[in-house]
Amino acid sequence: MSNDSQGSVKGEAAVVLSPSGSTSSQAPPLSPSTASKTPELPDELVQAGWSKCWSRRENRPYYFNRFTNQSLWEVPVLGQHDVISDPLGLNAAPAEGGESNLGNGQRKRRSSEEQGVGPNSLKRAKVEPTTPISPSTPGVKLWSSTPEDKQAQSATPTTPSPAPAPAPYRPAVIYWDLDVQTNAVIREHAPASHLPPHPEIELQRAQLVTKLRQHYHELCHQREGIDPPRESFNRWLLERKVIDKGQDPLLPSECDPIISPSMFREIMNDIPIRLSRIKYKEEARKLLFKYAEAAKKMIDSRNASPESRKVVKWNAEDTMSWLRRDHSASKEDYMDRLEHLRQQCGPHVAAVAKDSVEGICSKIYQLSADYSRRLRQTHLSLLQDPPTETCASPPQSRLVYCYPVRLAIPTPPLPRVELHFENDMACLRFRGEMVKVNRGHFSKLELLYRYSCIDDPRFEKFLSRVWCLLKRYQVMFGSGANEGTGLQGALPVTVFEALNRQFGVSFECFASPLNCYFKQFCSAFPDVDGFFGSRGPFLSFCPVSGSFEANPPFCEELMDAMVTHFEDLLDQSSEPLSFIVFVPEWRDPVTPALTRMEGSRFLRHQLNVPAYEHEYRSGSQHVCKRDEMYYRAVHGTAVLFLQNDAGFAKWGPTPERLAELTAAYRPALSRTSSLPSPGPAHIAPGDRDSAPKPSERTQSSIISPGGHDNNNNNSNSNSSSSSSSSSSPQDKMAAV
């Protein structure tokens, strides 16, 4: 259509005709003769926002869309490419002739937008113009929002009643690049045996996990008189899934040992009281008094040996006497005294609390296993064709580019999920339970679903699967203020761009559909994430070649298992293979995973980024405000390059490449006032739970040793990091 025949009409009064032929009050009405000659608009166009107007200047009718503010001289065609609301042509109906240009200077869609990746990929089916290809495309609405709609749809499932749909949304800022193609090569494998997600099951799982959290809180209060360590339950889920052989995607059910080292360690570090960060002298004095009082009370109420009782009571009474006697002590004096008291009383207090804490860990695990069995029985009852035990197919030897997880069990019919928009948030509701995601990330999930899902070309199951996805991560994070945001943080966009440009990185080892930068990634929940591009848990992902980024959750058990997996993959492959790993530079005490990587024969270079001189994207980026997207890291970050010989020859860390990566890590000038890390305020998160030494308390940071380079190019750059006891808020969601 030429500009003469299809242009915008501006600067004149217009008369809007309703579908019935009546006129609006925008201008004097048309004459009866003129109105009678005007054909009515189809209902689909009216629902999409189109109305017919009269141009006084041109003395002829035109068509106006109230959603997109677009004006056309000719009758619009529903589903055509709209350059205003859809500049990239993502929501356009496929053209018949397959020309390279879509009109108005727009490029043809890339191959990644036409078909998925992998051997089982299917080309996106052609959609009729009257049917929307996604929930945000104007047209016939495929889901109901009222009981009346549901009854009508159940009576006539093939002809859903039309309802208004929201206008297409264009994100203001993009935090991902889904056009980067993968270079990760794997061996073809059979579909996974996970049960397909279902909103009913996800709702029940959320209720049981909430109940389990409450049990944990009550046990800590009843047995030890303390609040549960902050986010210790979340880290328990991560640590358990490293060794869990059970069938539930979230709740542990088959673990050996039953007692979680992570949960046991964190509870013990908060006994007899939780140690907080100290800023002022009076706080230090109060904390010392509370510790002495709690240690004495605990040793008196437990079945302790006479020697333990004697040592603890003597040290506690001596400390209280010193506090009453000396009122001129400094903050450092109080902290020195607290460190001495912990060294003297800590082993005896831990000995009397050991059995009780083990009982807490055991009870939580047993409840989790019971809940897991109940969930699976309910889930199997919902399937139309329950899975049968079959012999595993022999491993395939064909090498292919990695592709999303495919489920062997077909998805049963899913219940309706309601969708509405509140300002910039998409709200999905099922049985009164609502989950939210900002419209930018909702649009991202649509694209990921289009690229990765092969069993739902008409998006009929899209909303139900998005609800399950959001509910799963919401349950994983917990409901506390800022809880769980550290489990899904991400590198800045500029760092990902540098990694892709300089080192060929096209894959994330630890991500989720909500925070991924590339459309190929590993994540924690293959059953719900596979429809949005996940390649499954990283510890069971075995690439033969490719360049990868790894920013794992800072759980020591998971990081240790990750290093073992890296070593095995690099040792077995002769093809180019590279892993660029981002971990916290904890030095007091140093983590086993960091020690192992620094001594690995595959380490080619180590780069240390100082604390407060780099930032990360928030783990709650899919719901947080734009000005809360980035925060400064309160600890140093170690960047380690693990590569085999072929990977080093292809993507080696040359000085030029490292310089660009370092420059990309610097915070943008527009964000010089980034938010501080939303980490916990107490000293004891995870396994960094030892109180700082007196020499560390008078300074805001410590100096970490320099980098390590196997190429004899020692880069001994000092890095400043916050107290190593801080829990990192840039942890990614675990792919365990």
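Use the structure listed above.
Residues numbered from 1 in each chain as written. Predicted model: local features only at pLDDT ≥ 70, side-chain atom pairs only at ≥ 80, totals over all residues. Heavy atoms only, no water.

Novice: Would you take a moment to explain the overall build of the protein chain for this structure?
Specialist: Looking only at helices and strands, the protein chain has 19 helices and 18 strands in total. Buried positions account for 54% of the 736 residues belonging to the protein chain. Sequence separation of 24 or more characterises 72% of the internal contacts of the protein chain that already satisfy a separation of 6 or more. When the accessible surface of the protein chain is summed, it comes to about 32,200 Å², and 50% of that surface belongs to carbon and sulfur atoms. (Helix = DSSP H or I, 4+ residues; strand = E, 2+ residues; numbered from the N terminus. Buried < 20%, exposed > 50% of the residue type's maximum accessible area, 1.4 Å probe, protein only. Contact = heavy atoms within 4.5 Å. Areas by Shrake-Rupley, 256 points an atom, 1.4 Å probe, with all protein chains shown as cover.)

Novice: In this structure, what is going on with the sheet that holds strand 11 (residues 546–550)? I would like to understand it.
Specialist: Within a sheet, neighbouring strands are paired by backbone hydrogen bonds and run either parallel or antiparallel to one another. On the basis of which strands lie adjacent, the open sheet formed by 5 strands has the order 10-11-12-16-13 and mixed pairing. Either end of the sheet is taken by a strand with one partner, and the two such strands are strand 10 (507–508) and strand 13 (603–609). Where strand 12 (residues 577–584) and strand 16 (residues 637–643) come together, 7 bridges link them in antiparallel fashion. Residue pairing across strands places Val 583 opposite Ala 638, the latter belonging to strand 16. Of the strands in this sheet, strand 10, strand 11, strand 12 and strand 16 touch helix 13 (residues 493–503), which is tilted by about 155° from strand 12. (Pairing = 2+ DSSP bridges. Axes fitted to C-alpha atoms, helices over the stretch in contact; angles between N-to-C directions.)

Novice: How should the packing of aromatic side chains be read in this particular structure?
Specialist: Note on aromatic pairs: each is described by the distance of the centres and the angle between the planes. For the coordinates displayed, the defined rule picks out 29 aromatic pairs. When the centroid spacing of 5.0 Å and the interplanar angle of 70° are considered together, the rings of Tyr 449 and Phe 462 count as edge-to-face. Separated by 13 residues along the polypeptide, Tyr 449 in helix 11 (residues 439–452) and Phe 462 in helix 12 (residues 462–477) bring together distant segments of the chain. One exposure class covers both Tyr 449 and Phe 462, and it is buried. Among the aromatic residues, those joined into a cluster by ring pairs are Phe 507, Phe 510, Phe 538, Phe 541, Phe 548, Phe 566 and Phe 579. Across the ring face of Tyr 451, the terminal group of Lys 519 is positioned such that the distance to the ring centre comes to 5.7 Å. (Phe/Tyr/Trp six-rings, centres within 6.5 Å; stacked < 30°, edge-to-face > 60°. Lys NZ or Arg CZ within 6 Å of the ring centre and 35° of its normal.)

Novice: Would you explain the nonpolar core in this entry?
Specialist: Nonpolar side chains in soluble globular proteins tend to end up buried together. Counting residues in each nonpolar core, the largest one holds 156 residues, and the members touching the most others are Leu 428 and Phe 579. Sort the elements by how many residues they give to this core and helix 10 (residues 331–382) lands first, with 16 residues. Both domains that furnish three or more residues to this core are identified here as domain 2 (194–383) and domain 3 (400–665). Sequence-distant contacts of Leu 428, defined by excluding residues within four places in its chain, comprise Val 417, Glu 418, Leu 419, Glu 433, Met 434, Val 435, Phe 442, Leu 463, Val 466, Trp 467 and Leu 470. (Core = buried A, V, L, I, M, F, W, Y, C linked by side-chain atoms within 4.5 Å. Domains from an automatic or database assignment.)

Novice: I tried to follow the pattern of salt bridges on my own but got confused; where do I start?
Specialist: Between side chains of opposite charge, a pair can form when the charged atoms approach closely. Tallying each qualifying case throughout the model produces 29 salt bridges. Asp 244 is the partner of Lys 241 in a salt bridge, and the nearest nitrogen-oxygen pair spans 2.9 Å. In terms of burial, Lys 241 and Asp 244 fall into one category: buried. Via salt bridges that share partners, Glu 202, Arg 205, Asp 248, Arg 472 and Asp 527 belong to a single interconnected network. (Salt bridge = Lys/Arg side-chain N within 4 Å of Asp/Glu carboxyl O.)

Novice: So what exactly am I meant to see when it comes to the pairing of strand 16 here?
Specialist: For a regular strand, side chains alternate in direction, first toward one face of the sheet and then toward the other. Most of strand 16 sits inside the fold, with 7 of its 7 residues counted as buried. Neither face of strand 16 is exposed, since Thr 637, Val 639, Phe 641 and Gln 643 on one face and Ala 638, Leu 640 and Leu 642 on the opposite face are all buried. Strand direction decides the pairing type here: strand 13 and strand 16, joined by 6 bridges, are antiparallel. Looking at strand 16, one finds that Val 609 is bridged to Thr 637.

Novice: Which parts of the structure should I look at to understand the pairing of strand 12?
Specialist: Counted residue by residue, strand 12 has 8 buried out of 8 residues, so it is predominantly covered. Alternating residues of strand 12 divide into Leu 577, Phe 579, Val 581 and Val 583 and Ser 578, Ile 580, Phe 582 and Pro 584, and every residue in both groups is buried. In this structure, strand 11 lies alongside strand 12, joined through 5 bridges in parallel fashion. Its bridge partner being in strand 12, Ala 550 is matched across the sheet by Val 581. Tracing the backbone out of strand 11, into helix 15 (residues 556–572) and back to the parallel element strand 12 gives a crossover that is right-handed. (Right-handed = clockwise from strand over helix to strand, strands pointing away.)

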